[in-house]
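# Structural overview for review
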Amino acid sequence: MNKLLEFLAEAIDVVRNNPMRSLLTTLGLIIGVGSVIAILAVGDSTDRSVQNLLSPYSQSSAFIVPREQQPDPQNAAIRYEDARKVKALVPDAVDVQPILAIAMETRVRHVDITLQVFTTGAGAGFDNTPLAEGRRFSDDDIAAHHRVCILSDQARTKLFGEGVPAVGRAVRLNGSYYTVVGVQQKPQTSGLLQTNSGQVTVYVPYTLIPELGYSFVFGLSIITPGPTDVTRLGNAAIAALQKIHGSRAEYEERDIKTIDDGINKTFAILTGVIGVVAGISLVVGGVGIMNIMLVSVTERTREIGIRKAIGATRSDILGQFLTEAVLLCAIGGTIGLVMGVLLAELVIHTLIVQLTGTVVSFSWFPIIAVALGFSVGVGLIFGTYPAIRASYLNPIECLRYE
Amino acid sequence: MKIWEFFSAALGTLWANRARSVLTMLGIIIGTSAVISIFALGQSAAASIGETLGAFGNQGIFLLPDQSTRRFNPVRISWTDFLQVRDECTRCAKVFPVYDSYYSIREGHKKDIYELTSDNDYVLDHLTMAQGRRFDSDDIDSAAPVCDIYWPAYQKLFGSGNALGETVRIAGRRFTVVGVFADYSAGVFNSFAGAGDSLNIPYTTYHRLPGTQIEGLQIYSAPGFTSAQTIDDAEAVLKRIHGPNAAMQSFDSTQQGDAFLKVIDYVAVGISSIGAIALVVGGIGVMNIMLVSVMERTREIGIRKAIGASRTDILVQFLTESVAITLIGGFVGTLFGMFVAALGSHALDVSFAGKAAAINWVPILTVALGFSIAVGVFFGTYPAMRASRLEPIDCLRHE
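Since we're looking at a predicted model, the values are computed, not measured. (Residues numbered from 1 in each chain as written. Chains lettered and ligands numbered in written order. Predicted model: local features only at pLDDT ≥ 70, side-chain atom pairs only at ≥ 80, totals over all residues. Heavy atoms only, no water.)

This part covers the overall build of chain A. Counting secondary structure elements, chain A contains 12 helices and 11 strands. Relative to the compact-globule value of 21 Å for 402 residues, chain A shows a C-alpha radius of gyration of 33 Å, a clear excess of over 25%. Principal axes of the C-alpha set define a box for chain A whose edges measure 105 × 50 × 35 Å. Taken over 402 residues, chain A has a buried fraction of 48%. (Helix = DSSP H or I, 4+ residues; strand = E, 2+ residues; numbered from the N terminus. Rg over C-alpha atoms; globule rule 2.2 N^0.38 Å. Buried < 20%, exposed > 50% of the residue type's maximum accessible area, 1.4 Å probe, protein only.)

Below, the structure written as C-alpha cells:
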C-alpha cells in the first residue's frame, strides 16, 4: 500500500513535469471516453422516452384484425358474437373483447363535432391513461349494457370546455344519451412523435356495439394474463377465428409488446454499432498512450539503470511505469466522463426533447462504470508493454546509455 | 528537388525510430480504415438497394381513393373515370387503371388462390423474363386472354416444366400463358418487390372480368411537370366527377425510393463522422510524438540553424515528417478499410438486398488521401513551428 502511494506520487510528478505531453496524451482518451459516454447516454435516453410514450398502453393485450389483402375479405370480417366464441376456444385468455373504432358525430351547442368512438371492457383495458376524475367501467356496466362513457381530456375540452367537471353529464351518440363516468388525464406531450392520445376519443362499453348499430367489428382484443402470453394467445385466437370463418380467412396479430421489443432491439443495435465505432477512438487513444510511455521509458533509461543499481526490483520498475499509464488514463477518463455527461445532457435537452416531448430519467451509473472501467482497462492494456520493457532493461547497459 | 530531399530525410528518420513510427501510424491507420470501411459499406448498401428498387423501374404515381376517412363513402374509380382522367389530364403522359384482387385459379386439376394484377404495355421496369414475353399493344387493344406469371406462382402451378402456351382458368375463363418472370431475389425487399404468388393479365382484359373494381390509377407525368403538379391535375379531374369532397391519396414511387436511399446516406455519413473521431485522436498522437521528436532533436536543429538552415527549412522538415506519417498511415488504412468493406459489403448485401453492388472507390480514395494529408498538416504545424522558432544558441546549449 505504501509502495502504491509512492508510485502514485511519483507518477503525478512526472505528469506535472511534462504538462503539454500529458495533456495531448490524455486528450485522445478524453475524446474517446466522452464520445462513448455521450452516445450510450443519448441512445438510452431516447429509447426510454420513446417507450414512455407507449407506457399508457397495456402490453398484455393482443389485437386480432383481418388481414388487409386477402382472398375473401367479406368472409373474414369479424362479427360481434365472434368474441364470445373465441373466448370459449381460448380458455387461457382473461377476456376477449370485440373492438369497434369508428368516427361518430355529436351536436354540441349547435355545432357538429366528430368523435372517435372506441369500445373497451371493465377496469383498466388497453389504454391505461390515468383518470383525472370519475371511474373506469365496472363489470356491471358491461354486463347490464349501461349507457356510460369515458372521455379523453381532448374530448372533454371539445364537449364541455377545458377542465370543466364532466362526470354525470351526458353525450349523445347515435340518438341515445351516454352518461360520462370518467375523464382521462391530459396525455403527456410527445413532441414530433405525436400519438393517438391527443384525439377526441370517447370510450363506451363493448357490449353496446349492437346498440350502436354495428354487427361487424374492427377486431378482437385478447386480454392475456401477462405480456409473455401475448403472442401465444394471439395465435390461438387466430386459429379459433379460422375455425369459425374457415382456413382461407387470414388475420394478423398486433400488440404493443412486439412494437416495444422492436424499438428496444433497434435502439440496442444502433447504439451498439455507434458506440463501438466511437470506441475505436478509445483504442487509438490507448495506442497513443503506449507510444508516449515507450518514449518515456527511452528518455529515462539512465534513471531506470540507477534505480536498479541501488536495489529497485523488476516489479518496482513495472509498478512505477504502469501507475503512470493508469494515472494518465484515469485523468483522461474522468475529464472525458464530465465532458460526455455534459454533451449528452445538452443533446437530450435540446434535440431529443423536441422529438419525444419528455425527458425520461435514466441511470447514469452503468454508463459511467463502463466508461471508467474502460479507461482504466486501456491504461493497463497499453501501459503493460512499455512497463515490462522498462522492467527488463539491463542496469549496466542502462547506465552506459547516452 | 528540395521537397523530395525533405521527404527522403523524413523517411530515414521514421525508419530509425521504427517502433515509434508504427505506433503513431497505427492511430491514423485505424481511424482511416474505420471511416473508409463504414462509408464504403453505406455506399454499397445504398447502391444495391437502389439497384433492387431500380429493377422495378419507374412505377410512376399511384392515385387511389383515400380509405381512411370512413365518414364519407370512399370514391370508387370506374372505367369511365379512368377514360376521363386519361383524356382530360393534360399533365399525365400515361394513365392506366390498376386492378389487384384474389382469384381462384385452375390449371389442370390443381386449384388454388392467387393474386391477379393488371399490367400494360408501357414497360419501364427492368424485370427479366425466364420464358416468353411481356404484353404488347395488340394484347392490350384486343383485350387478349393472356397472362404473365411471377416465379413463385409459376413454380406452384407448373413445377419446373414448360408454361408457355398452357392454359389456366381464371374466374371460369381460359387464359394462355405467354410469359414467366425470372426469379428476382431481393433479400429483405422480396415482399416489397411484390414478387409473390401472382399473375398479370392486360388491364383491358381485367376490365371485362365480372365484378372487378379499379383500385386506383397509375399515372406517369408528362415531361416538364413534377409529380405534385400531375397529381393535382388528375385529382382535379376526379373531383369534377365525384365532387369536391372526394378524398384521394397518392404515392409517388420514385420519391419513396429516393427518400429511403437518402436515409441510408445520412446514417452512413453520420457513423463515418463518429469514426472520424478516431482519426482526430490519431492526429493528436502524431502531434504529441512530433513534439517529442522536436525536443529530442533540439541539438540537431541548433546545428542546422548554425550552419545556415532557414526557419522555413526547419518548418518544412518537420512538417514533411508528420505528413509522411499520416500519408503512409492513411494509405495503409485505406487498403485495410477497402478490405474490410469488401468483406462486409459482400456479407451484408447478400442478406440485405440480394446481390453485392460495386462500390465507387474513386471519391472515397480521394477523400481519404486528402484527409490524411490534411491531418498531417493540421497536427504537424504546431510542433514544426515550435522547432523553427527555436534559438540556435539555446539549442546548442540543450542537453
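One finds Leu115, Leu151, Val171, Leu173, Leu220 and Ile222 of chain A to be the most contacted residues of the largest nonpolar core, which totals 52 residues. Aside from chain neighbours lying at most four places away, what touches Val171 of chain A is Thr106, Leu115, Cys149, Leu151, Leu159, Phe160, Ser176, Tyr177, Tyr178 and Val180 of chain A. With 45 residues, the next largest nonpolar core counts Cys92, Tyr114, Tyr154 and Tyr220 of chain B among its residues. (Core = buried A, V, L, I, M, F, W, Y, C linked by side-chain atoms within 4.5 Å. Contact = heavy atoms within 4.5 Å.)

Attention now goes to the sheet that holds strand E10 (residues 216-221) of chain B. Residue and element names in this part refer to chain B. With antiparallel pairing, four strands are arranged side by side in an open sheet as E2-E10-E1-E11. Of all strands in the sheet, those bounded by a partner on one side alone are strand E2 (92-98) and strand E11 (248-252). Pairwise comparison of adjacent strand axes, ignoring direction, gives a mean angle of 25° for this sheet. Summarising the sheet, strand E1 (residues 61-65) and E11 pair through five bridges and their orientation is antiparallel. (Pairing = 2+ DSSP bridges. Axes fitted to C-alpha atoms, helices over the stretch in contact; angles between N-to-C directions.)

What follows covers the environment of Gly246 of chain A. Positionally, Gly246 of chain A belongs in the loop between helix H7 (230-245) and strand E11 (251-255). Gly246 of chain A sits 41 residues away from Val287 of chain A along the chain, and the two C-alpha atoms are 67 Å apart.

A separate point is the pattern of salt bridges. Within the structure shown, the criterion is met by 27 salt bridges over all chains. Between Arg48 of chain A and Asp44 of chain A there is a salt bridge; the shortest N-O distance is 3.1 Å. With Arg48 of chain A and Asp44 of chain A both in helix H2 (residues 19-54), this residue pair falls four residues apart, about one helical turn. A relative accessible area of 22% means that Asp44 of chain A is categorised as partly exposed. Asp139 of chain B is the partner of Arg133 of chain B in a salt bridge, and the nearest nitrogen-oxygen pair spans 2.8 Å. Classification of Arg133 of chain B by relative accessible area gives partly exposed; the value is 33%. (Salt bridge = Lys/Arg side-chain N within 4 Å of Asp/Glu carboxyl O.)

Let us look at the confidence of the model for chain A. Summarising the model, chain A shows a mean pLDDT of 85, and 96% of its residues fall at 70 or more. Within chain A, no element has a lower average pLDDT than helix H3 (residues 73-76) of chain A, which sits at 78, and none a higher one than strand E6 (residues 148-151) of chain A, at 92. (pLDDT = per-residue confidence, 0-100.)

This paragraph deals with the sheet that holds strand E10 (residues 219-223) of chain A. All names here are of chain A. Strand order in the open sheet formed by four strands is E2-E10-E1-E11, and the pairing between neighbours is antiparallel. Looking at strand neighbours, the two that pair on one side only are strand E2 (95-99) and E11, the edges of this open sheet. Sheet twist, expressed as the mean angle between neighbouring strand axes with direction ignored, is 25°. With five bridges joining them, E2 and E10 adopt antiparallel strand pairing. Residue pairing across strands places Val96 opposite Ile222, the latter belonging to E10. Strand contacts of helix H4 (residues 82-89): E2 and E10, with the helix running at about 160° to E2, the strand carrying the most contacts.

With that out of the way, let us pick up the interface of chain A and chain B. Counting from both sides, the interface comprises 32 residues of chain A and, opposite them, 32 residues of chain B. Taken as a group, Leu24, Val284 and Asn291 of chain A account for 20% of the area that chain A buries against chain B, more than any other trio of residues on that side. Taken together, the connections running from chain A to chain B amount to zero salt bridges. Counting every contact that joins chain A to chain B gives four residue pairs in polar contact (both at pLDDT 80 or more). Secondary structure elements with two or more residues in the side of chain A that touches chain B: H2, strand E3 (101-108) and helix H8 (256-299) of chain A. Per element, the largest residue contribution to the side of chain A that touches chain B is 16 residues, and it comes from H8 of chain A. Each residue belonging to the side of chain A that touches chain B can be placed in one class, and the counts come to 19 nonpolar, nine polar and four charged. (Buried area = accessible area lost by both parts, 1.4 Å probe. Polar contact = N/O pair within 3.5 Å; in protein donor to acceptor, adjacent residues only side chain to side chain. Nonpolar A, V, L, I, M, F, W, Y, C, P; charged D, E, K, R; others polar.)

This part takes up the packing of H8 of chain A against helix H11 (residues 365-391) of chain A. Residue and element names in this part refer to chain A. Two elements in contact, H8 and H11, have axes whose closest approach is 9 Å; the angle formed by their N-to-C orientations is 30°. Put simply, H8 runs roughly parallel to H11. Where H8 crosses over H11, the handedness of that crossing is right-handed. Residues Leu282, Val283, Gly286, Val287, Met290, Met293, Leu294 and Val297 of H8 form the contact with H11, whose participating residues are Phe374, Val378, Phe382, Tyr385, Pro386, Arg389 and Ala390. The residue makeup of the contact of H8 with H11, split by class, is 13 nonpolar, one polar and one charged. (Parallel < 35°, antiparallel > 145°, perpendicular 65-115°, else oblique. Left-handed = near helix turned anticlockwise from the far one by under 90°.)

Right, let's talk about the pairing of strand E7 (residues 170-173) of chain A for a bit. Residues and elements named next belong to chain A. Where burial is concerned, the two faces of E7 differ: the one with Val171 and Leu173 is buried and the one with Ala170 and Arg172 is not. The pairing of E7 with strand E8 (residues 176-184) spans four bridges and is antiparallel. Bridge assignment links Leu173 to a residue of E8, and that residue is Ser176.

With that settled, the discussion passes to unusual backbone geometry. Of note in the backbone geometry, His145 of chain A takes a positive phi value of approximately 55° without being a glycine. Mapped onto the fold, His145 of chain A is located in the loop between helix H5 (139-143) and E6. Positioned with a positive phi, Ala143 of chain B is a non-glycine residue whose angle comes to about 50°. With respect to the helices and strands, the residue Ala143 of chain B is situated in the loop between helix H4 (137-141) and strand E6 (146-149).

Turning our attention to the environment of Gly344 of chain B. Along the chain, the position of Gly344 of chain B falls in helix H11 (residues 311-352). Sequence separation between Gly344 of chain B and Ser388 of chain B is 44 residues; the distance between their C-alpha atoms is 46 Å.

Glancing now at a positive patch on the surface. Taken together, the side chains of Arg248 of chain A together with Arg106, Lys111, Arg169 and Arg174 of chain B present a region of like positive charge at the surface. Within the secondary structure layout, Arg248 of chain A lies in the loop between H7 and E11. (Patch = residues over 30% accessible without salt bridge, like charges linked within 9 Å, V, L, I, M, F, W, Y side chains within 5 Å. Areas by Shrake-Rupley, 256 points an atom, 1.4 Å probe, with all protein chains shown as cover. Lys, Arg positive; Asp, Glu negative; His and termini not counted. Charge placed at Lys NZ, Arg CZ, Asp CG, Glu CD.)

Turning next to the side chain of Thr46 of chain A. Residues and elements named next belong to chain A. On the secondary structure map, Thr46 appears in helix H2. Look at Thr46 and you get buried, because its relative accessible area is 7%. In contact with Thr46, not counting residues within four places along its chain, are Phe267 and Ile352.

For the rest of this paragraph, the subject is the packing of aromatic side chains. Taken as a whole and assessed by the stated rule, the structure comprises 14 aromatic pairs over all chains. When the ring of Trp4 of chain B is compared with that of Phe7 of chain B, the centres are 5.9 Å apart and the planes differ by 25°; the resulting orientation is stacked. Residue Trp4 of chain B and its partner Phe7 of chain B are both found in helix H1 (residues 2-16); the two are separated by three residues, about one turn of the helix. Ring geometry for Tyr122 of chain B against Tyr220 of chain B: centres 4.9 Å apart, planes inclined by 70°, an arrangement best described as edge-to-face. Taken together, the residues span a long stretch of sequence, with Tyr122 of chain B in the loop between strand E4 (110-119) and strand E5 (129-132) and Tyr220 of chain B in strand E10 at a distance of 98 residues. The class for Tyr122 of chain B is partly exposed, based on a relative accessible area of 29%. Here the aromatic cluster, defined as three or more aromatic residues joined through ring pairs, consists of Trp79, Phe82, Phe96, Tyr122, Tyr203 and Tyr220 of chain B. Sitting over the ring of Tyr392 of chain A, Arg314 of chain A keeps its end group 4.0 Å from the ring centre. Here Arg18 of chain B stacks its cationic end above the ring of Trp15 of chain B, 4.8 Å away from the centre of that ring. (Phe/Tyr/Trp six-rings, centres within 6.5 Å; stacked < 30°, edge-to-face > 60°. Lys NZ or Arg CZ within 6 Å of the ring centre and 35° of its normal.)

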